[in-house]
Amino acid sequence: MSDSLRFDGKVVVVTGAGAGLGRAYALLFASRGAKVVVNDLGGGRHGDGSSTKAADAVVAEITSAGGEAAPNYDSVLDGQKIIETAIINFGRIDILINNAGILRDKSFVKMTDQDWDLIHDVHVKGSMVTTRAAWPHFRKQRYGKVIFTASNSGLYGNFGQANYSAAKMALVGLSNTLAIEGNSANIKTNVIVPTAGSRLTEDILPPEFFNELRPEFIAPVVMWLCHEDCNETGTIIETALGWAGKCHLIRGNGTVLRKSLKDAVTPENVRNNWDAVLNMEEAKRCESIAEATGELMNVVDILGSSKSDAGGEQSGVIKYSMKNQYNFKQAILYALSIGAKCRDPMDFRYIYEHHSDFSVVPCYYMIFGPATLMETDIVERAFEGRSVNFAGIVHGEQYMKVLQKIPTEAVVETKCKILDVLDKGRNAVLLIEHESFNAETGDKLTTGRIAAIAKGAGGFGGPKRSHHEIPGVETPKRTPDTSYSEQTSPDQAALYRLSSGDFNPLHVDPNIAEMGGFKQPILHGLCSLGFATRHVLKTFAGGDPELFESIRARFSNPVVPGQTLRTDMWRDGNRIHFQCFVDNNTPVISNAYIDLKEVRIGKKAKL
Ligand code: NAI
């Protein structure tokens, strides 16, 4: 990552750039090499009148400082013309900052249709039509950044601003959906919630506060969100005074309001459970509508199995959670069990607690999912009433994302839940989410997903597909950029059982392995994945575990302890695709990648 954030060759459109925040954005972008379209209608604060002066003055400021800018005087309701100004003058558009805004504050009892419509037109429709005009350009060039400007009066409500706060929250919904629709074309959309001293706020904010709230403190936050190195999308950032923080909605754990699927929900059930409905102690964010809806499927599961005790007493959604405590001893044992070696300087930080960078191998947290499954009856519950050979259940796919720095010691609470049971013909596939929290601080450290295959348990007439399935990836077709080989030990699975707590006898007992349909005990899939994680970090992260962001893998064939693992790797930006093979060239891990925060390749690497 270069030190100075530049925008050379990029074209930025800033609406409402004749004053206040928009002007600060335009000046900063121009000073960093961008060509800027300075749009401003030049009207009054309440949406009256128009003038070319505001836009012209900012263009003059930019050009006299040696920058490049073109004015546009249209209303954002004519967004097409604003985008055309960028295309005609500069031949492209890369970044759109929807910033233009006005106020028509009235208490709700006095608000007219005109007050409502004007505010919605400028803020919502104006942002929408301008973004819609830019969208085809973004899609064609597979690059685009959009900022929508919301307000804390929308997020939190504010007396006299019913029209304005409703319009500002509409922009949050617009950004959320465009972040999803733009994803495949590399279009990122985010919301900024600024507080700044400007014409809009001069009689709202106390004077001493007003002077401190400089738009110049907001502009760098917007600039970073619009830089090509920033991958943020679908995010709301509130910022003022040189402070910035993310905002998002959270949902409480809630409670079921009836005893079984056959029961009705009565108003009395709602009243009796109201405290649990409102309880936010375990509130969490749903990352997608699929996750939010998927959570509700748990309710069907609970009601279907009649394990709810709602209807009088308060009850919560049944959780499968387990606490694990670890310190340097468990962390070192884990590192050794996935092949870390004292003589390898890139592994040594995982093995010696007094190393100045002593760290936990980031894939350590993958063990907590299976460990929780082994310690609870979650798998049995998922297959309740069906005959399943539990010895034949194997790990099919794994995904995990690290959300916070992994501590070197912690009490970790891991919560698992069944997302779906799929009928894949001969086999069944169980989709399970596992999330690990620092039990002391409550911080969510990792989120993960497992697809477990129950051999011979299919054919029960269940769904074949689910939106919870771990999204697949194609491995590049070209020859690998590099490979790393390492032999596992014949006792690797025995060691890994100790470090991971996954005591499934399939990995050590020949009789159980045979019952599960294997010729001999097989290595845990996560153990092989731990080897591969080290290989990728050594090759593309300079051995720095803090660069690890997320991992996804499919276990395609078993590894027998003692075999040599070869990890083939392909770099695609910050994504490292990889595949692992054993001695006879059989693929054992496929369709896999590790996303890094940054790629760091050592000088000696032959890449
Ligand atoms: P400002 O009044 O200083 O600047 C807004 C600019 O937008 C003006 O130059 C105005 O001429 C222009 N404009 C208005 N209607 C337009 C239209 N239809 N087409 C083109 N240009 C138009 O206001 P400020 O404070 O810089 O606000 C910028 C944005 O930030 C607005 O969307 C506002 O709602 C939002 N905001 C500002 C906050 C603050 O504390 N200043 C707080 C929360 C949100």
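Summary of the structure given here. (Residues numbered from 1 in each chain as written. Predicted model: local features only at pLDDT ≥ 70, side-chain atom pairs only at ≥ 80, totals over all residues. Heavy atoms only, no water.)

Time to look at the site of the ligand. The environment of the ligand is formed by 30 residues, the closest being D40, N99, Y164, A196 and S198. With respect to the ligand, the backbone of L21 contributes an N or O atom lying 2.8 Å from an oxygen atom. Within the side chain of D40, an N or O atom sits 2.5 Å from an oxygen atom of the ligand. With the chains in place, 96% of the 820 Å² that the ligand exposes on its own is no longer accessible. Contributions of two or more residues to the shell around the ligand are made by α1 (20-31), α4 (113-141) and α6 (162-182). Counted by class, the shell around the ligand contains twelve nonpolar, 14 polar and four charged residues. (Near = heavy atom within 4 Å. Polar contact = N/O pair within 3.5 Å; in protein donor to acceptor, adjacent residues only side chain to side chain. Areas by Shrake-Rupley, 256 points an atom, 1.4 Å probe, with all protein chains shown as cover. Helix = DSSP H or I, 4+ residues; strand = E, 2+ residues; numbered from the N terminus. Nonpolar A, V, L, I, M, F, W, Y, C, P; charged D, E, K, R; others polar.)

Turning next to the pattern of salt bridges. Tallied over the full model, the rule gives 28 salt bridges. One salt bridge in this structure joins R92 and D94, with 2.6 Å as the shortest N-O distance. Residues joined in a network through salt bridges with shared partners are K341, D344, D347, E486, R534 and K538. (Salt bridge = Lys/Arg side-chain N within 4 Å of Asp/Glu carboxyl O.)

A few words now on the environment of H524. With respect to the helices and strands, the residue H524 is situated in the loop between α17 (510-515) and α18 (525-540). Judged by relative accessible area, H524 falls into the buried class, the value being 2%. Taking the C-alpha atoms as reference, H524 lies 47 Å from D94; in sequence the two are 430 residues apart. Every residue in contact with H524, bar those within four places of it in the chain, is listed here: A493, Y496, R497, D502 and H507. A distance of 3.2 Å separates a polar atom in the side chain of H524 from the backbone oxygen of D502. (Buried < 20%, exposed > 50% of the residue type's maximum accessible area, 1.4 Å probe, protein only. Contact = heavy atoms within 4.5 Å.)

Attention now moves to the pairing of strand β9 (residues 320-326). The alternating pattern of β9 places Y320, M322, N324 and Y326 on a buried face, while none of S321, K323 and Q325, on the opposite face, is buried. Across seven bridges, β9 lies against strand β11 (residues 410-424) in antiparallel orientation. Looking at β11, one finds that Y326 is bridged to A410. (Pairing = 2+ DSSP bridges.)

Let us look at the sheet that holds strand β2 (residues 35-39). If you walk across this open sheet you meet the eight strands as β3-β2-β1-β4-β5-β6-β7-β8, and the pairing is mixed. Across the chains shown, the open sheet's two edge strands, defined by having one partner strand only, are β3 (68-72) and β8 (243-247). The sheet shows a mean angle of 20° between the axes of neighbouring strands, direction not considered. Sheet topology note: the β2/β3 ladder contains five bridges and is parallel. Bridge assignment links V37 to a residue of β3, and that residue is A70. Contacts between helix α3 (residues 79-90) and the sheet are confined to β1 (11-14), β2, β3 and β4 (95-98), with β3 contributing the most and set at about 145° to the helix. With respect to the sheet, helix α8 (residues 215-225) is in contact with β4, β5 (144-149), β6 (187-194), β7 (236-240) and β8, its orientation differing from that of β7 by roughly 155°. (Axes fitted to C-alpha atoms, helices over the stretch in contact; angles between N-to-C directions.)

It is worth spelling out the sheet that holds strand β13 (residues 444-454) at this point. Reading across from one edge, β9-β11-β12-β13-β10-β15-β18-β17-β16-β14 is the order of the ten strands in this open sheet, with antiparallel pairing throughout. Only two strands of the sheet have a single neighbouring strand rather than two, namely β9 and β14 (482-487). Strand-to-strand, the axes of this sheet are offset by a mean angle of 20°, without reference to chain direction. Bridge analysis of strand β10 (residues 393-402) against β13 gives nine bridges, and the strand direction is antiparallel.

Here we take up unusual backbone geometry. For R142, which is not glycine, the phi dihedral falls at a positive 50°. Position of R142 relative to the elements: it lies in the loop between α4 and β5. Look at N591: it is not a glycine, yet its phi comes out positive at around 45°. Turning to its location among the elements, N591 is positioned in strand β18 (residues 586-596).

Take the nonpolar core next. Core analysis: the largest hydrophobic core is formed by 54 residues, its most contacted members being Y326, Y365, L529, F578, I589 and L596. When residues of this core are assigned to their parent elements, the largest contribution, eight residues, is made by α18. Aside from chain neighbours lying at most four places away, what touches L596 is L537, F540, A541, L547, F548, E549, N574 and I576. (Core = buried A, V, L, I, M, F, W, Y, C linked by side-chain atoms within 4.5 Å.)

Turning next to the packing of aromatic side chains. Per the counting criterion, the structure on display carries ten aromatic pairs. Between F7 and F29, the aromatic rings sit 5.0 Å apart at their centres with planes inclined by 70°, giving edge-to-face as the arrangement. In this pair, F7 is assigned in the segment before β1 and F29 in helix α1, connecting sequence segments 22 residues apart. Of the residues examined, F29 reaches a relative accessible area of 1% and is grouped as buried. Ring centres 5.4 Å apart and planes at 65° place the aromatic pair Y364 and F368 in the edge-to-face group. In terms of burial, Y364 and F368 fall into one category: buried. Site record: aromatic cluster; members linked through ring pairs are Y326, Y334, Y364, Y365, F368 and Y496. For the cation-ring pair, K455 lies above F518, with the distance from its terminal atom to the ring centre recorded as 4.4 Å. Here the basic side chain of R575 rests over the ring of Y593, its NZ or CZ set 3.6 Å away from the ring centre. (Phe/Tyr/Trp six-rings, centres within 6.5 Å; stacked < 30°, edge-to-face > 60°. Lys NZ or Arg CZ within 6 Å of the ring centre and 35° of its normal.)

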